[in-house]
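Analysis of the macromolecular model
Here is what each chain is made of, one letter per residue.
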Amino acid sequence: MEDIDSFLFKFKGYYFLRPGLDIGFLETLNDFEIREDDVFIVTYPKSGTIWFQQILNLIYFDEHRKSTGNLETVFRVPYFEYPDQNTDFVKRPSPRLFTTHLPYYLVPSGLKNKKAKIIYVYRNPKDVMCSYFHFSKKMPLPTTSTIEEFMQLFLEGKVLGSLWFDHIKGWHEHKSLFNIEFMMYEEFKKDLRGSMLKVCKFLGKELSDEDMDTVVSQAMFENMKLDPRANYDNILKDQFGIQEKGHFLRKGTIGDWKNYMTVEQNERFDKIFQKNMKDFPLKFIWDMNEE
Ligand SMILES: Nc1ncnc2c1ncn2[C@@H]1O[C@H](COP(=O)(O)OS(=O)(=O)O)[C@@H](OP(=O)(O)O)[C@H]1O
C-alpha cells in the first residue's frame, strides 16, 4: 500500500487529488458565483461521471451530437474543483456545465438558490469499488495489489472522494437545499432511452426523435469507447504521462464485483453497507438481472 498523503490532500475533511490541486481556489469555492442556468453533475468517483459528461455534451451541443466537433467531452463539462489554468469559469458562456466530486458541504453556497440544476449520479458501491481498484493502478492515486487491501482503503474512505457512504448520504440528506435529481447508473444501463428522457425533462431540453436516437446511440458504452472525445486516454496521457490505452472505459457493466470479491468479502461488505445505509431510501441494483 502506498503513502496516501503523497497522492491525496485533505481539505475540510475531504480527500482531493493532490497533483495539480489549487488550494487557493478551494478556499474560494463557497463564494463562487452561481448562475441560475448552471448545471452540475455530481458523482462519487467511478459512478459514471464521464458517461454523464458525454450525455450533457450530446444533449446541449449539436456539433458533439453530429460528431463534427472534436472538443474533448470533459472540456465543456469541466471538473469544478480542478480548474485548468487556461480555463476561466467566469468567462464561460451560459449555460455553464460543470462536473464535481465535491461533498454537499463544500459546493458554492449559491447552489442553494435552488435554480441551478444538479444531477447526482450514483452506482452500487461494490461496482464502484471494483472500478476504482482498477483505475487506481493507472492513476496517481493510492493503490493496492489486492482487492482485499483496496476494500480496506475504500471502506475507511482513504481514497479520492473520501467515504462513499458519507458522500451519498450527505447529498441525499440535504437534498431539500438544492435543485437536485438523483439518477442511478444501473437504470441508465437497463433503459438508456427512458432514462435519457428523464434527464431531458429535468434539464428542460426537448430533442427531436432523430436527435434522441443519436444521443442514445452515442451514449452507449460500446460507442463511447470508440469515441476519442470521450476516451480518457488522451487526458491520462497529457496530464499524468500515462501511456496505457483503453482502460478508462473498462467494462461498463452491472455486477462486475462478482468477478473480484470472494463470498466472505461480499458478506463483510454487506454488513457494513447495511449498518451505514439503514433506512436510506434510494434503491440499489447489484446485478444485471435484478429489477
Ligand atoms: N457509456 C457508459 N456505459 C456504462 N458505463 C460507462 C459508460 N461510460 C463510462 N462508464 C463506466 O463508468 C466508470 C468510470 O466512472 P467515472 O467516469 O465516474 O470515473 S471517474 O470518477 O471520472 O474517474 C467505468 O466503469 P468500469 O468499467 O466498471 O470500470 C466506465 O467503464
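Everything quoted here is computed from the prediction, not taken from an experiment. (Residues numbered from 1 in each chain as written. Predicted model: local features only at pLDDT ≥ 70, side-chain atom pairs only at ≥ 80, totals over all residues. Heavy atoms only, no water.)

Ordered by their spatial adjacency, 4 strands build an open sheet running 4-3-5-6, and the pairing between neighbours is parallel. Only two strands of the sheet have a single partner each, and these edge strands are strand 4 (97-100) and strand 6 (179-184). Sheet twist, expressed as the mean angle between neighbouring strand axes with direction ignored, is 20 degrees. Direction of pairing for strand 3 (residues 39-43) relative to strand 5 (residues 117-122): parallel, over a ladder of 5 bridges. By the bridge assignment for strand 5, Val-39 is matched with Lys-117. (Pairing = 2+ DSSP bridges. Helix = DSSP H or I, 4+ residues; strand = E, 2+ residues; numbered from the N terminus. Axes fitted to C-alpha atoms, helices over the stretch in contact; angles between N-to-C directions.)

Quick look at the pattern of salt bridges now. Here the structure, examined in full by the defined rule, presents 18 salt bridges. Salt-bridge contacts for Arg-96 lead to Asp-38; the nearest nitrogen and oxygen are separated by 2.7 Å. Here Arg-96 is found in the loop between helix 4 (73-76) and strand 4, whereas its partner Asp-38 is found in the loop between helix 1 (23-28) and strand 3, with 58 residues between them in sequence. A salt bridge links Glu-264 to Arg-268; its shortest N-O distance comes to 2.9 Å. Residue Glu-264 and its partner Arg-268 are both found in helix 13 (residues 263-277); the two are separated by 4 residues, about one turn of the helix. Assessed through its relative accessible area of 29%, Arg-268 is described here as partly exposed. A single salt-bridge network, built from bridges that share partners, covers Asp-62, Arg-65, Lys-66 and Asp-211. (Salt bridge = Lys/Arg side-chain N within 4 Å of Asp/Glu carboxyl O. Buried < 20%, exposed > 50% of the residue type's maximum accessible area, 1.4 Å probe, protein only.)

Contacts to the ligand come from 23 residues, most closely from Thr-49, Ser-131, Tyr-185, Lys-251 and Gly-252. Taking Arg-250, its side chain carries an N or O atom lying 2.8 Å from an oxygen atom of the ligand. Protein burial of the ligand: of its 640 Å² of free accessible surface, 98% is covered by the chains. Ranked by the residues each element gives to the shell around the ligand, the list is headed by helix 2 (residues 49-60), at 3 residues. Taken together, the residues that form the shell around the ligand break down as 12 nonpolar, 6 polar and 5 charged. (Near = heavy atom within 4 Å. Polar contact = N/O pair within 3.5 Å; in protein donor to acceptor, adjacent residues only side chain to side chain. Areas by Shrake-Rupley, 256 points an atom, 1.4 Å probe, with all protein chains shown as cover. Nonpolar A, V, L, I, M, F, W, Y, C, P; charged D, E, K, R; others polar.)

The next thing to look at is the packing of helix 7 (residues 164-173) against helix 13. The contact between helix 7 and helix 13 brings their axes to 11 Å, and the two run at 30 degrees. Comparing their axes, helix 13 and helix 7 come out roughly parallel. Of the two possible hands of crossing, helix 7 and helix 13 adopt the one that is right-handed. Residues Trp-164, Phe-165, Ile-168 and Lys-169 of helix 7 form the contact with helix 13, whose participating residues are Ile-272, Phe-273, Asn-276 and Met-277. Looking at side-chain class alone, the contact of helix 7 with helix 13 contains 6 nonpolar, 1 polar and 1 charged residues. (Parallel < 35°, antiparallel > 145°, perpendicular 65-115°, else oblique. Left-handed = near helix turned anticlockwise from the far one by under 90°. Contact = heavy atoms within 4.5 Å.)

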